[in-house]
Amino acid sequence: WHTIVEEVKVFSVAGKWRGNRALLRGVYVCVRAHSLSLSPSFSHPLFVSIETRVQIQESVRGKDVFVIQTMSKDVNTTIMEMLIMVYACRTSCAKSITGVLPYFPYSKQCKMRKRGSIVSKLVASMMCKAGLTHLITMDLHQKEIQGFFNIPVDNLRASPFLLQYIQEEIPDYRNAVIVAKSPASAKRAQSFAERLRLGIAVIHGEAQDAESDQVDGRHSPPTVKTTGAIHPSMEIPLLIPKEKPPITVVGDVGGRIAIIVDDIIDDVDSFVAAAETLKERGAYKIFVMATHGLLSSEAPRFIEESAIDEVVVTNTIPHELQKLQCPKIKTVDISMILSEAIRRIHNGESMSYLFRNIGVDD
């Protein structure tokens, strides 16, 4: 008799220059510390014309496979690499295929807007069809996205790491106030404030973004009013259009540290505008904290020239280049929780330990 140790295969799909090497290295070190028989492998996407071909470098038959994919600027190529890699593992008779996507792509497009589509539902369906049996992700833009999948989804939280950063790296954080830059992010700000025993402030009246209900075309009136088809007494009342009120800050920020919290930092215009408003109201130091630092386009330059003192994001998305352009950007490593999730799924252990003290609204 002999004991066969089940081996874990951890693959990174992204190519050499687009992969989140720091995050992968952290996951590898943490998983090795748990004494798992780990075989880290990097697949090599080969570009033939405009097609993507993924080649697995070793056997995955009967193995638990974890495919780690972080998003790059070329998000569509990244998704195709992920799908092809998962399908290759499925056709190679892998025992299970768990996708590890710290940032789920197209998560902002999770609602019907005008005559568009719910793209995150389409991406979820493609991943399930390709052969995923489990998904590990972090801080979905909307928790309801989990319902787009017909496989188990573990939506991990980065807030414990961000809260720890506040307590350890902001010396006078007791004199801080948690700020929501819009009413939409008030729940997240409330969660941070209650855990740190701090006050909360909400900025109201900012310019509406692309996700506002005003751009939803489902209540758009017909271009030509037809009075003959409907009786005047049965005419459908029109919805009163929204009017942007003057910018106001609900809460006291005078003489205090303002910590703006959100889930994604992409276009930083709204954060810069919020920081200017808080400065005008008397805040003497401004931090911005978020899970996913997309930091697209000219974001590093805008942050450097703004009233923001520090931007803290996790390494769910690689942003080494942005950090070189703007020293205000700081990184919090979350590879530890990803490696623990991998270990627990492989060993068939409960995941509830990773969701301690997390409420419905968190």
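What counts, and at which threshold
Residues numbered from 1 in each chain as written. Predicted model: local features only at pLDDT ≥ 70, side-chain atom pairs only at ≥ 80, totals over all residues. Heavy atoms only, no water. UniProt positions renumbered as here; feature names shortened; annotations may be inferred. Helix = DSSP H or I, 4+ residues; strand = E, 2+ residues; numbered from the N terminus. Buried < 20%, exposed > 50% of the residue type's maximum accessible area, 1.4 Å probe, protein only. Contact = heavy atoms within 4.5 Å. Areas by Shrake-Rupley, 256 points an atom, 1.4 Å probe, with all protein chains shown as cover. Salt bridge = Lys/Arg side-chain N within 4 Å of Asp/Glu carboxyl O. Axes fitted to C-alpha atoms, helices over the stretch in contact; angles between N-to-C directions. Parallel < 35°, antiparallel > 145°, perpendicular 65-115°, else oblique. Nonpolar A, V, L, I, M, F, W, Y, C, P; charged D, E, K, R; others polar. Pairing = 2+ DSSP bridges. Right-handed = clockwise from strand over helix to strand, strands pointing away.

Under an unreviewed UniProt entry, the chain has the name Phosphoribosyl pyrophosphate synthase-associated protein 2 and belongs to Oreochromis niloticus. Turning to the chain, the UniProt annotation filed under Sequence similarities (unreviewed entry) states: "Belongs to the ribose-phosphate pyrophosphokinase family." Word for word, the UniProt comment on the chain under Subunit (unreviewed entry) is "Binds to PRPS1 and PRPS2."

Can you walk me through the overall build of the chain in this structure?
In terms of helices and strands, the chain carries 9 helices and 15 strands. Among the 362 residues that make up the chain, the fraction classed as buried is 48%. By sequence separation, contacts in the chain at least 24 residues apart represent 69% of the contacts at least 6 residues apart. For the chain, the exposed surface amounts to about 19000 Å²; the carbon and sulfur share of it is 55%.

Where do I start with the pattern of salt bridges in this structure?
Pairs can form between side chains of opposite charge once their charged atoms are near each other. For the coordinates displayed, the defined rule picks out 8 salt bridges. A salt bridge links glutamate 340 to arginine 343; the nearest nitrogen and oxygen atoms lie 2.9 Å apart. Of this pair, glutamate 340 and arginine 343 both sit in helix α9 (residues 335-347), separated by 3 residues, roughly a single helical turn. Both residues of the pair, glutamate 340 and arginine 343, belong to the buried class. Glutamate 349 serves as the salt-bridge partner of arginine 344, at 3.7 Å between the closest nitrogen and oxygen. Arginine 344 gets classed as buried once you look at its relative accessible area, which sits at 12%.

What should I look at first to understand the packing of helix α2 (residues 75-91) against helix α3 (residues 119-130) in this one?
Helix packing for two helices is described by the angle between their axes and how far apart those axes are. In contact at an axis separation of 8 Å, α2 and α3 are set at 25° when each is read in the N-to-C sense. By the angle between their axes, α2 is roughly parallel relative to α3. Within the contact between the two elements, α2 uses Leu83, Val86, Tyr87 and Arg90 and α3 uses Met126, Met127, Lys129 and Ala130. Across the contact of α2 with α3, the residue classes tally to 6 nonpolar, no polar and 2 charged.

How should I be thinking about the pairing of strand β6 (residues 96-101) in this particular structure?
Put simply, side chains in a regular strand alternate between the two faces of the sheet. Across the 6 residues that make up β6, a large majority, 6, are buried. Along β6, one buried face is formed by Ser96, Thr98 and Val100 and the opposite face, lined by Ile97, Gly99 and Leu101, is buried too. Alignment of strand β5 (residues 64-68) against β6, held across 5 bridges, turns out to be parallel. Directly across from valine 65, in β6, lies its bridge partner isoleucine 97. Handedness of the crossover joining β5 and β6 through α2 is recorded here as right-handed. Both β6 and strand β7 (residues 134-138) contribute to a ladder of 4 bridges, which runs parallel. Across the sheet, the residue bridging to glycine 99 is leucine 135, located in β7. Once you follow β6 into α3 and on to β7, the crossover reads as right-handed.

I keep staring at unusual backbone geometry and nothing clicks. Help me out?
What is expected of a backbone is that most residues other than glycine have negative phi and most peptide bonds are trans. In this model, arginine 197 sits at a positive phi of 60°, which is unusual for a non-glycine residue. Mapped onto the secondary structure, arginine 197 falls in the loop between α5 (186-196) and β10 (199-204). Although it is not a glycine, asparagine 357 adopts a positive phi angle of roughly 60°. Relative to the helices and strands, asparagine 357 is located in the segment after α9.

Before we go on, may I ask you to explain the environment of glycine 254 in this structure?
Its place among the elements puts glycine 254 in the loop between β11 (248-250) and β12 (257-265). On the accessibility criterion, glycine 254 (34% relative accessible area) is partly exposed. Separated by 24 residues in sequence, glycine 254 and leucine 278 have C-alpha atoms that sit 8.4 Å apart.

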